[in-house]
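Close look at the chain arrangement
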Amino acid sequence: MENENKIINTLEYADEVIRILQGLPEVFPMALDYLLNLKKKSEDLTEEEIAERADVDVRTIQRLRTDEGQNPSMEIVIQLCVAMELPIDISEKLMEKSGHRFKTTRKDFIYHMLLRHFATGNLKAANKYLISQGLLPLGKTAKKAI
């Protein structure tokens with residue numbers, strides 16, 4: 001019975017991720033806006049709370065949501081993915097829409113691992129991992145502390 005419940009939960013999760021991926025707009029600002037709105041509805045989070053979790057200014061998020069000419073850094077996109085606790089498949093798709101792809105470098109491999117294992121909304125834990133791997137932490141607060 002327990003295995004059947006795990007299978008049902010896995011299938012429900014898969015259906016939800018697929019539904020989100022299918023509804024994801026093609027351009028980054030619209031895709032980010034779509035995901036932020038989903039997160040705000042499902043968890044009753046404000047844009048300010050998401051910005052705080054991502055350790056970015058609210059204005060940065062507002063600018064990224066509306067300016068199609070923006071090219072956000074890979075680090076900002078990762079911060080947003082962690083803050084929104086996105087599943088890896090959705091994080092990868094958002095990364096792609098931002099114009100970034102993970103390359104076969106140590107840094108990109110570690111960033112990819114971070115998205116796989118630290119998509120918990122806790123940038124502090126993610127930054128501990130980055131530091132342990134010899135990389136700089138993400139976010140405005142973490143960078144000021146260095």
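What comes next concerns the included structure. The model shown is predicted, which means the values in this text are computed figures rather than measured ones. (Residues numbered from 1 in each chain as written. Predicted model: local features only at pLDDT ≥ 70, side-chain atom pairs only at ≥ 80, totals over all residues. Heavy atoms only, no water.)

Now for the environment of Leu94. Relative to the helices and strands, Leu94 resides in helix α6 (residues 88-97). Relative accessible area serves as the criterion here: at 0%, Leu94 is assigned to the buried category. Distance from Leu94 to Pro25, taken between C-alpha atoms, is 9.7 Å for residues 69 residues apart in sequence. Residues within four places of Leu94 in sequence aside, it is in contact with Phe28, Ala31, Leu32, Leu35, Val77, Cys81, Met84 and Leu86. (Helix = DSSP H or I, 4+ residues; strand = E, 2+ residues; numbered from the N terminus. Buried < 20%, exposed > 50% of the residue type's maximum accessible area, 1.4 Å probe, protein only. Contact = heavy atoms within 4.5 Å.)

Turning next to the pattern of salt bridges. Using the criterion set out here, one finds eleven salt bridges in the structure. The closest approach of N and O atoms between Arg19 and Glu16, which form a salt bridge, is 2.6 Å. On the criterion of helical spacing, the pair formed by Arg19 and Glu16 is a turn pair, its members being three residues apart in helix α1 (residues 2-23). According to the relative accessible area criterion, Arg19 is partly exposed, its value standing at 41%. Residue Asp57 pairs with Lys140 through a salt bridge whose shortest N-O separation is 2.9 Å. On the criterion of sequence distance, the pair formed by Asp57 in the loop between α3 (47-54) and α4 (58-66) and Lys140 in helix α9 (residues 140-144) is long-range, its members being 83 residues apart. (Salt bridge = Lys/Arg side-chain N within 4 Å of Asp/Glu carboxyl O.)

Now for the side chain of Lys97. Mapped onto the fold, Lys97 is located in helix α6. Note on Lys97: relative accessible area 15%, which makes it buried. The contact partners of Lys97, leaving out residues within four places of it in the chain, are Leu24, Pro25, Glu26, Phe28 and Ala31.

Moving on to the packing of helix α7 (residues 106-117) against helix α8 (residues 123-132). One way to put it is that α7 packs onto α8 with a least axis distance of 11 Å and a crossing angle of 150°. Looking at the two axes, α7 sits roughly antiparallel to α8. Here the hand of the crossing between α7 and α8 comes out right-handed. Residues Ile110, Tyr111, Met113 and Leu114 of α7 form the contact with α8, whose own contacting residues are Ala126, Tyr129 and Leu130. For the contact of α7 with α8, the class distribution of residues is seven nonpolar, no polar and no charged. (Axes fitted to C-alpha atoms, helices over the stretch in contact; angles between N-to-C directions. Parallel < 35°, antiparallel > 145°, perpendicular 65-115°, else oblique. Left-handed = near helix turned anticlockwise from the far one by under 90°. Nonpolar A, V, L, I, M, F, W, Y, C, P; charged D, E, K, R; others polar.)

Once that is clear, we can look at the packing of helix α2 (residues 28-43) against α4. Packing of α2 against α4 leaves a shortest axis separation of 6 Å and a crossing angle of 125°. Classified by the angle between their axes, α2 and α4 sit oblique to one another. Side by side, α2 and α4 meet where Phe28, Pro29, Leu32, Asp33, Leu36, Asn37 and Lys40 of the first sit next to Ile61, Leu64, Arg65 and Thr66 of the second. Taken together, the residues that form the contact of α2 with α4 break down as six nonpolar, two polar and three charged.

The next point concerns the nonpolar core. With 39 residues, the main nonpolar core has Leu32, Leu35, Ile78, Leu80, Met84 and Leu94 as its most contacted residues. Of all the secondary-structure elements, those providing two or more residues to this core are α1, α2, α3, α4, α5 (74-83), α6, α7 and α8. Broken down by element, this core gets its largest block of residues, eight residues, from α5. Setting aside anything within four residues of it in sequence, one finds Leu80 in contact with Leu32, Ala54, Ile61 and Leu64. (Core = buried A, V, L, I, M, F, W, Y, C linked by side-chain atoms within 4.5 Å.)

The subject of this paragraph is α3. Regarding α3, the residues found buried are Glu47, Ile50, Ala51 and Ala54. Buried residues of α3, viewed axially, fall in a sector of 100°; they line one side. Contacts made by the buried residues of α3 are with α2, α4, α5 and α8. Asp55 sits one or two residues past α3 and shows a positive phi near 60°. (Arc of directions from axis to C-beta.)

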